[in-house]
Amino acid sequence: MSRLKRLKSIDGLIENLQTIISQSQCSLSEVELNSLNEAIAKLTMLRGKKGLTDKHYQIEISDIVELIYNFLTK
C-alpha cells in the first residue's frame, strides 16, 4: 500500500473515532473513552512513522483494531 493511501486511511479513521467521541460524549464510559483515545494516540504515532513495511504496518494496525474491537464489544 502506498504511503499516501496509508496516511489517508489513518486520517479517516482518526476523524471517525473523534466523531464518535464528540457525538457520544455523555454515553461513553471511562473505559470506552480510554480505548478510543488510546487508539487515536496509536494512530497518530503510526502516522508519523516512515519506512514501515507492510508487515510492520499490519502489526501496528492489529493493536489498534483490538482497541476498537474492545470498544465495540463492551
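Structural notes, computed from the coordinates. (Residues numbered from 1 in each chain as written. Predicted model: local features only at pLDDT ≥ 70, side-chain atom pairs only at ≥ 80, totals over all residues. Heavy atoms only, no water.)

**Describing the nonpolar core**
I10, L17, L36, A39, L43 and I64 are the most contacted members of the largest nonpolar core, which has 15 residues in total. Of all the secondary-structure elements, those providing two or more residues to this core are α1 (3-23), α2 (30-48) and α3 (54-73). (Core = buried A, V, L, I, M, F, W, Y, C linked by side-chain atoms within 4.5 Å. Buried < 20%, exposed > 50% of the residue type's maximum accessible area, 1.4 Å probe, protein only. Helix = DSSP H or I, 4+ residues; strand = E, 2+ residues; numbered from the N terminus.)

**Some remarks on the environment of N34**
Note on placement: N34 falls in helix α2. Spatially, the C-alpha atoms of N34 and F71 are 9.1 Å apart, while their sequence positions differ by 37 residues.

**Describing the pattern of salt bridges**
Throughout the structure, instances matching the rule amount to 3 salt bridges. A salt bridge links R6 to D54; the shortest N-O distance between them is 2.3 Å. Highlighted residues: R6 in helix α1 and D54 in helix α3, separated in sequence by 48 residues. Classification of R6 as buried rests on a relative accessible area of 11%. Across the pair R47 and D11 runs a salt bridge whose closest N-O atoms are separated by 2.5 Å. Of this pair, R47 sits in helix α2 while D11 is found in helix α1, placing the two residues 36 residues apart along the sequence. Since its relative accessible area comes to 32%, R47 is described here as partly exposed. With a relative accessible area of 31%, D11 lands in the partly exposed category. (Salt bridge = Lys/Arg side-chain N within 4 Å of Asp/Glu carboxyl O.)

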